[in-house]
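Examination of the molecular architecture
Given next are the chains, with one letter for each unit.
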Amino acid sequence: MERYRIQKSGLSRRAGRGEAVAAYLLLLPDIIGLLVFVFLPIILAVYISFTRWNGYTKQVFIGFGNYIGLFSDGEFWNSLMVTIRYAIIFVITMTVLSLSFALLVNSIKSVGQNIYRTIIFTPYAISAVIAAMVWTFLYDVPDGYFNSILMSLGFNKMLFLGSPNQALLSVVAVGIWAGLGYNMIIFMAALKDIPDAYYEAAEIDGANPVQKFFYITLPMLRNTTLFVVVMSTIASLQVFDQIKIMTDGGPAQATNVTVYYIFKTGFNIGHLGYASATAVLLFIAISIFTLIQFRVLGGGKNNGEG
């Protein structure tokens, strides 16, 4: 009997090792992909940021020269301010609208809920490049669709992408249109997890819809709101596709965000070391913003969600 237990224990250990080996083998392609396409480029970018290099000639190590140059680079600081403006407008609008649409669609109890959810989510499945090209035609002056509507209503034409005051908002609108459905689905999933008993108890106590929203719904959505805000912030600080297709950083650098500045510096001008230093600083800034958001929005253990 004792020998049987020993043999069974040995078989269990061998089976466990076999499962562990199989699991690591299944994970190996993803691990290799992360190493080759994520971690290795990060390490190379950090190294290149300490050099003067155009991609063709020999790299010259210059220490913190690129970083020191950034602090006196007016175009870099302008791109950073444009990026911050884009992020503030995008994150606040995206969070408010996605939550509003989630509440609205979730209140529909018929089969129409699936129809509206699909319609709103569909733009998320469209390629960012294609979406940017379509919206560029819609914004076209003077024959774009939006200007045609404005003229038919008796208003003057608007420049949209051709105006330094309107271009950034026009690009933000495209980003919100594309990502609204995804964040709405995230909020809807969280709304469905809120127990009905909370609302029933609130009704018994005489709470109105506004009180239910602020004292039940919002606290219960704290983790979801944090996720949407953090992911929207990261996306807004890395925006590039719409900028490249729709405005090319213009007009008058009104949409010259930091990622586009990195692209232009590295590939159009050929200062790869300088561009890499900018990318490293942007990475640090995104990390700091994310940590601050977790600290501010995620503080406390009583987050309302199970």
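This text goes with the structure placed above it.
Residues numbered from 1 in each chain as written. Predicted model: local features only at pLDDT ≥ 70, side-chain atom pairs only at ≥ 80, totals over all residues. Heavy atoms only, no water.

A word on the overall build of the chain
Helix and strand content of the chain: 13 helices and two strands. For the chain, whose C-alpha radius of gyration is 26 Å, the value lies well above the compact-globule estimate of 19 Å for 306 residues. C-alpha atoms of the chain, sized along the principal axes, occupy 85 × 65 × 35 Å. In the chain, which comprises 306 residues, the proportion classed as buried is 35%. Pairs at least 24 residues apart make up 67% of the contacts formed inside the chain by residues separated by at least 6 positions. (Helix = DSSP H or I, 4+ residues; strand = E, 2+ residues; numbered from the N terminus. Rg over C-alpha atoms; globule rule 2.2 N^0.38 Å. Buried < 20%, exposed > 50% of the residue type's maximum accessible area, 1.4 Å probe, protein only. Contact = heavy atoms within 4.5 Å.)

Comments concerning the pattern of salt bridges
A complete count under the given rule lists three salt bridges for this structure. A salt bridge links lysine 264 to glutamate 75; the shortest N-O distance between them is 2.4 Å. Of this pair, lysine 264 sits in helix H12 (residues 258–269) while glutamate 75 sits in helix H3 (residues 74–106); the two residues are 189 residues apart in sequence, bridging distant segments of the chain. A salt bridge links lysine 244 to aspartate 248; the shortest N-O distance between them is 3.3 Å. For aspartate 248, a relative accessible area of 42% gives the class partly exposed. (Salt bridge = Lys/Arg side-chain N within 4 Å of Asp/Glu carboxyl O.)

Focus on helix H9 (residues 209–220)
Spanning twelve residues, H9 covers 15 Å between terminal C-alpha atoms, matching the ideal 16 Å at 1.5 Å per step. Of the residues making up H9, those classed as buried are Lys212, Ile216, Thr217 and Met220. The buried residues of H9 all sit within an arc of 85° when viewed along its axis, so they share a single face. What points out from H9, more than 90 degrees from its buried face, is the exposed set Val210 and Tyr215. Looking at the buried positions of H9, the neighbouring elements they touch are H3, helix H7 (167–192), helix H8 (196–204) and helix H10 (222–237). (Expected span 1.5 Å × (residues − 1). Arc of directions from axis to C-beta.)

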